[in-house]
Amino acid sequence: MLVDAIRLGVGSLIGTLIVLLTTASAQGAERIYLKYGPLLFSLSVESLATFVHTGEITPELARYTSQLDQNTRQQLRQALQQPYTMNEVAVYRMTEIPVVVDFLQGLGEVINTPSGLNGFYAIRSALVLAAAEPGDWTMMDVIHHFPTDIRIDVERAMQRFPVMP
Amino acid sequence: MKRRDFLTTTVSVAALTYLSRQAEAWSQNHHQLHSSQIHRTYPSWASRDLFLQGINAPVFQEVDLDNLPVTGEIPPDLAGMYVRNGPNPMFQPIAYAYPLEGDGMLHAVYFEAGKAKYRNRWILTKGLIYEMQAKQALPELRFRNYANTHIIAHAGKLLALYETGLPYEVSRDLETVGEWSFNGKLEQAMTAHPKLDVDTGELHFYRYSFFTEPYLTYYVANAAGEITRTTGIELPQPALLHDMALSDNYAIFCHCPLVFDFQQAMRTGIPLVWQPEQGARIGLIHRHDLDRKPIWIETEAFWVWHFMNAFEQNGTLVVDCAYYPQMILENTLSAILSNRSRFQRLTINLDDRTITQQTLDDRNVDFPSLDRQQTGKPYRFGYMPHMDLELIAQKAIPNYFPELIQYDLVNQTSQVHCLQPGCYCGEATVVPKSNATSATDHYVLTWVFNEITQTSDLLILDAANFTAAPLAQIHLPVRVPMGTHGSWIVAGEAA
Ligand SMILES: [Fe+2]
């Protein structure tokens with residue numbers, strides 16, 4: 001009974017990981033759309049990545065960051081390049097915990113697919129794929145691994161997660 | 001004697017002495033169980049955490065014990081199973097947040113023809129299986145579904161419950177069957193304190209969510225285990241709700257100001273903040289008129305883990321609970337000692353929606369229980385252990401309850417069953433006598449830990465003679481740690 005349960009648990013875990021790793025599109029997110037009321041702004045992931053890696057603000061990014069003070073900009077950069085060490089198996093197991101699922105579904109109401117669907121599955125697979133990269137990984141890696149472009153409902157984000165940058 | 005022989009002898013004697021001492025320590029720890037009684041032994045460990053010491057310390061053996069010795073006599077009409085759940089971490093945790101963490105372990109006593117058998121088993125949750133594979137606690141699995149809070153029978157299934165996760169079905173033999181989602185109709189979670197309507201077999205329960213609206217969802221499942229009602233309930237803010245109450249016409253929820261605060265969670269890591277200035281709100285959801293909007297009644301701030309009961313009478317709704325004027329959710333002795341409770345009656349006038357309050361008992365009490373046949377109805381008897389704060393302060397370890405209180409709500413009196421010195425009880429479970437004709441015709445069961453022998457007994461008290469010696473004291477050669485909640489399962493009630 002016990003051995004069977006363990007075999008089953010490990011088997012289903014590996015199976016799920018293989019599916020996640022092989023079916024996720026090689027092409028990750030290219031653009032992030034920021035929905036603010038009726039308005040939709042867009043930003044290339046490349047601009048964001050340049051800022052995170054070098055601190056350089058491309059003209060495209062300047063449209064958004066000009067409203068942020070230096071301190072907030074630094075915080076955003078730090079948050080996106082903060083290294084995490086948890087491996088993909090641990091990340092996947094964590095995303096199965098009911099309170100974590102609840103959190104990711106809440107987050108998915110804010111971070112959507114381009115058509116406005118809850119981003120839960122996209123976020124979960126992006127987290128697992130980022131964690132599967134060799135060495136440390138960052139939130140910037142998670143954005144790169146997002147299977148589609150990303151749409152963020154800014155108003156809702158500020159209301160639900162008041163400390164998000 | 002040659003030097004070599006001398007050495008050999010010395011070493012042999014030393015080895016024998018060592019081994020015999022080990023055997024003695026082993027038998028002391030394991031109270032001379034026969035190998036056939038031990039299902040499995042796991043590596044033991046000790047922790048300095050308040051909630052993993054003394055009466056709270058986990059056990060590391062799963063055992064099967066027949067023909068348990070008894071002082072007194074087991075009532076021959078007692079036929080069924082008493083099973084209780086509780087946190088019992090298998091691996092030493094990295095950090096421990098009681099009562100939310102710890103793998104659920106079930107302790108069951110089976111009664112048949114005046115004889116008793118005992119069995120305990122861990123619930124093999126998905127998270128525990130991952131940790132068994134890793135042979136250690138895994139940090140990424142904290143706050144998983146431990147299935148450690150309660151166990152009930154519904155629709156022919158035994159369900160181990162945890163409030164942020166699906167129920168885990170277990171067999172009567174305590175084998176883990178797996179997660180139960182009411183045929184896929186329940187998402188993610190269910191309270192550990194559902195309420196059974198004994199007349200219809202309906203189970204009333206809810207799920208709370210910290211991150212997705214609605215923050216509260218009320219469910220009803222029929223006697224066959226099919227969900228027949230799902231009602232989202234708007235809360236202005238997410239909150240933790242540990243228990244609900246049920247009356248003839250209402251499902252009753254308390255939105256107490258222990259509030260989930262995202263900013264606070266990010267700042268301090270403790271997501272639940274006591275905000276008394278917000279006050280508390282009591283929500284009444286009509287059970288039969290599905291279109292009727294919830295009634296919310298505001299009152300001063302209080303916290304409730306558990307309701308004793310609720311019932312309607314003469315245009316009022318009476319709600320009895322273990323009432324805390326404040327709740328500081330920290331696992332320090334000072335916080336535990338500052339969270340003083342009392343037995344309180346809230347009487348809601350259903351016409352003008354006012355609340356009057358009455359303190360029924362100002363002793364520090366919780367873990368209420370009653371005959372479940374009385375759920376939602378005017379009732380006479382209820383039970384709570386006295387959580388003696390002086391004793392807890394003196395022991396510097398929580399959860400030592402030296403006496404069990406019987407409340408007679410009709411006569412507004414109470415009686416105390418004092419346990420032997422060094423003995424401490426847990427939650428009581430009421431079992432109606434098979435030929436019951438009056439409210440006093442029931443037995444009261446509770447686990448009792450004896451700190452002198454480091455073993456546990458199951459006590460069977462006669463409600464009609466509550467202060468007297470137990471009818472039966474079933475002696476275990478092992479310890480049953482202080483746990484959480486349990487149920488009496490009548491023979492044939494669950495597979
Ligand atoms: Fe509880």
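Source: prediction; values computed, not measured. In this numbering scheme, every chain counts its residues from 1 along its sequence in written order. The naming scheme follows written order: chains are lettered A onward, ligands numbered 1 onward. Predicted model: local features are reported for residues with pLDDT of at least 70 only, side-chain atom pairs are reported and counted for 80 or more only, and whole-chain, interface and lining totals are derived from all residues. Side-chain descriptors were evaluated using all non-hydrogen atoms of the structure, hydrogens and water having been removed beforehand.

Caption draft 1: Quick look at the sheet that holds strand 19 (residues 280-286) of chain B. Residues and elements named next belong to chain B. At least two bridges found by DSSP between two strands are what make those strands a pair. Helix numbering and strand numbering both begin at the N terminus, where a helix is a DSSP run of H or I of at least 4 residues and a strand a DSSP run of E of at least 2. Read from one edge of the open sheet, four strands run 15-16-19-20, paired in antiparallel fashion. Across the chains shown, the open sheet's two edge strands, defined by having one partner strand only, are strand 15 (245-246) and strand 20 (295-299). Relative to strand 20, strand 19 is paired through five bridges, and the arrangement is antiparallel. Bridge pairing links Arg281 to Glu298 in strand 20.

Caption draft 2: A look at the interface of chain B and chain A. The interface of chain B with chain A comprises 29 residues on the first partner and 25 residues on the second. By convention, the term buried area covers the 1.4 Å-probe accessible surface removed from two parts as they join, with the contributions of both added. Between chain B and chain A the total buried area reaches about 2,500 Å² when both faces are included, carbon and sulfur atoms providing 65% of it. In terms of surface lost to chain A, no three residues of chain B exceed Tyr130, Glu140 and Phe211 of chain B, which account for 27% of the buried area on that side. Here a salt bridge means any side-chain nitrogen of Lys or Arg lying within 4 Å of a carboxyl oxygen belonging to Asp or Glu. Viewed at the interface, chain A and chain B are joined by three salt bridges. A salt bridge links Glu213 of chain B to Arg160 of chain A; the nearest nitrogen and oxygen atoms lie 2.9 Å apart. Distance and chemistry together define a polar contact, namely a pair of N or O atoms within 3.5 Å, with one atom able to donate a hydrogen and the other to accept it when in protein, and with adjacent residues in sequence counting only for side-chain atoms on both sides. In this assembly, chain B and chain A are joined by 10 residue pairs in polar contact (both at pLDDT 80 or more). Sorting the residues of the side of chain B that touches chain A by element identifies helix 2 (126-134) and helix 3 (262-268) of chain B as the ones contributing at least two each. Considering each element in turn, the side of chain B that touches chain A owes the most residues, five residues, to helix 2 of chain B. Under the convention adopted here, Pro, Cys and the residues Ala, Val, Leu, Ile, Met, Phe, Trp and Tyr are nonpolar, Asp, Glu, Lys and Arg are charged, and Gly plus all remaining residues are polar. Residues that form the side of chain B that touches chain A fall into these classes: 12 nonpolar, nine polar and eight charged. Residue contacts are counted whenever heavy atoms from the two residues lie within 4.5 Å of one another.

Caption draft 3: Highlighting the pattern of salt bridges. This structure, assessed with the given rule, holds 24 salt bridges over all chains. Asp153 of chain A is paired through a salt bridge with Arg156 of chain A; the nearest N and O atoms lie 3.9 Å apart. The exposure class of Asp153 of chain A is buried, given its relative accessible area of 10%. With relative accessibility at 34%, the residue Arg156 of chain A sits in the partly exposed group. Note that Asp197 of chain B and Arg287 of chain B form a salt bridge whose closest N and O atoms lie 2.6 Å from each other. Placement of Asp197 of chain B in strand 11 (residues 195-197) and of Arg287 of chain B in the loop between strand 19 and strand 20 is noted, with a sequence separation of 90 residues between them. Note on classification: 1.4 Å probe, protein chains only; a residue is buried when its accessible area is under 20% of the maximum for its type, exposed when over 50%, partly exposed between these limits. With a relative accessible area of 11%, Arg287 of chain B lands in the buried category. Members of the salt-bridge network, linked through shared partners, are Lys35, Asp153 and Arg156 of chain A.

Caption draft 4: Layout of the packing of aromatic side chains. Pairs were defined over the aromatic rings of Phe, Tyr and Trp, the Trp ring being its six-membered one, requiring ring centres within 6.5 Å. Orientation was assigned from the angle between planes: stacked under 30 degrees, edge-to-face over 60, tilted for the rest. Summed over the entire model, instances satisfying the criterion amount to 27 aromatic pairs over all chains. Here the aromatic cluster, defined as three or more aromatic residues joined through ring pairs, consists of Phe103 of chain A together with Tyr208, Phe210, Phe211 and Phe260 of chain B. Note that Lys157 of chain B overlies the ring of Trp180 of chain B, its terminal NZ or CZ placed 4.4 Å from the centroid. Working rule: Lys NZ or Arg CZ, within 6 Å of ring centre, within 35 degrees of ring normal, means a charge sits over the ring. Lying over the aromatic face of Trp296 of chain B, Arg281 of chain B brings its terminal NZ or CZ to 4.0 Å of the ring centre.

Caption draft 5: Inspection of the coordination of the iron ion at higher detail. Residues and elements named next belong to chain B. Donor atoms (N, O, S) are those found within 2.8 Å of the metal centre, with the cutoff raised to 3.2 Å for Na, K and Ca; water is not part of the atom list, so apparent gaps in a site can occur. Donor atoms from the polypeptide that coordinate the iron ion comprise His193 (NE2), His242 (NE2), His306 (NE2) and His485 (NE2), at 2.1 to 2.2 Å from the metal. Each donor residue of the iron ion belongs to the same chain, with the gaps between them written as H-x48-H-x63-H-x178-H. A residue pair is termed long-range when its members are at least 10 positions apart, and His193 in the loop between strand 10 (176-179) and strand 11 and His485 in the loop between strand 32 (472-475) and strand 33 (486-490) qualify at 292 residues.

Caption draft 6: Seen up close, the nonpolar core. Counting 118 residues, the largest nonpolar core has Ile252, Phe253 and Trp303 of chain B as the members making the most contacts within it. Residues in contact with Ile252 of chain B, not counting those within four places in the same chain, are Met244, Ala245, Leu246, Ser247, Ile282, Gly283, Leu284, Ala310, Leu317 and Val319 of chain B. Side-chain atoms within 4.5 Å link the members of a nonpolar core, which is a set of buried Ala, Val, Leu, Ile, Met, Phe, Trp, Tyr and Cys residues.

Caption draft 7: Representation of a nonpolar patch on the surface within the structure. In this analysis, a patch consists of residues with relative accessible area above 30% that form no salt bridge, clustered at 9 Å for like charges and at 5 Å for the nonpolar side chains Val, Leu, Ile, Met, Phe, Trp and Tyr. Residue exposure ignores everything except the shown protein chains as possible cover, and the areas themselves are Shrake-Rupley values with a 1.4 Å probe. A contiguous nonpolar patch, built from Tyr36, Leu39, Phe41 and Met158 of chain A and spanning about 390 Å² of accessible area, is present on the exposed surface. By relative accessible area, which is 37% here, Phe41 of chain A ends up partly exposed.

Caption draft 8: Main features of helix 2 (residues 45-54) of chain A. Residues and elements named next belong to chain A. When helix 2 is considered as a whole, its buried residues turn out to be Val45, Ser47, Leu48, Ala49, Phe51 and Val52. If you follow the buried residues of helix 2, they end up packed against strand 1 (31-36), strand 2 (39-44), helix 3 (59-65), helix 4 (70-81) and helix 8 (139-145). Following helix 2 by one or two positions, Gly55 has its phi on the positive side, about 85°.

Caption draft 9: Geometry of unusual backbone geometry. Residue and element names in this part refer to chain B. Looking along the chain, the bond that leaves Glu213 and enters Pro214 is cis, with omega of 0°. The residue Ala396 is not glycine, and still its phi comes out positive at about 55°. Here Asn399, not a glycine, exhibits a phi torsion of approximately 80°, which is positive. With respect to the helices and strands, Asn399 occurs in the loop between helix 5 (389-395) and strand 26 (403-408).

Caption draft 10: Inspection of the pairing of strand 2 (residues 61-65) of chain B at higher detail. Residues and elements named next belong to chain B. Of all five residues that make up strand 2, four are buried, and the element is covered over most of its length. Pairing analysis gives three bridges linking strand 1 (residues 38-41) to strand 2, with the strands arranged antiparallel. Counted as the bridge partner of Ile38 is Val63 from strand 2. Of the pairings in the sheet, the one linking strand 2 to strand 6 (residues 115-122) comprises two bridges and is antiparallel in character.

Caption draft 11: Up close: the state of the cysteines. Residue and element names in this part refer to chain B. Cysteine sulfur atoms are paired as a disulfide whenever they come within 2.5 Å of each other. Inspection of the entire model under this criterion finds zero disulfides over all chains. This cysteine, Cys256, is not joined by any disulfide, and Cys254 carries the nearest cysteine sulfur, 5.0 Å off. Of all cysteine sulfurs, the one in Cys254 lies closest to Cys321, which takes part in no disulfide; the gap is 6.6 Å.

Caption draft 12: Examining the packing of helix 2 of chain A against helix 4 of chain A more closely. Residue and element names in this part refer to chain A. Note on geometry: axes are C-alpha line fits, over the in-contact stretch for helices, and angles between N-to-C directions span 0 to 180 degrees. Contact geometry of helix 2 with helix 4 gives a least axis separation of 9 Å together with a crossing angle of 95°. Regarding the angle of helix 2 to helix 4, the classification is roughly perpendicular. For the pair helix 2 and helix 4, the contacting residues are Leu48, Phe51, Val52, His53 and Thr54 in the first and Arg73, Leu76, Arg77, Leu80 and Gln81 in the second. When its residues are assigned to classes, the contact of helix 2 with helix 4 shows five nonpolar, three polar and two charged. The scheme is simple: roughly parallel for angles under 35 degrees, roughly antiparallel for over 145, roughly perpendicular for 65 to 115, oblique for anything else.

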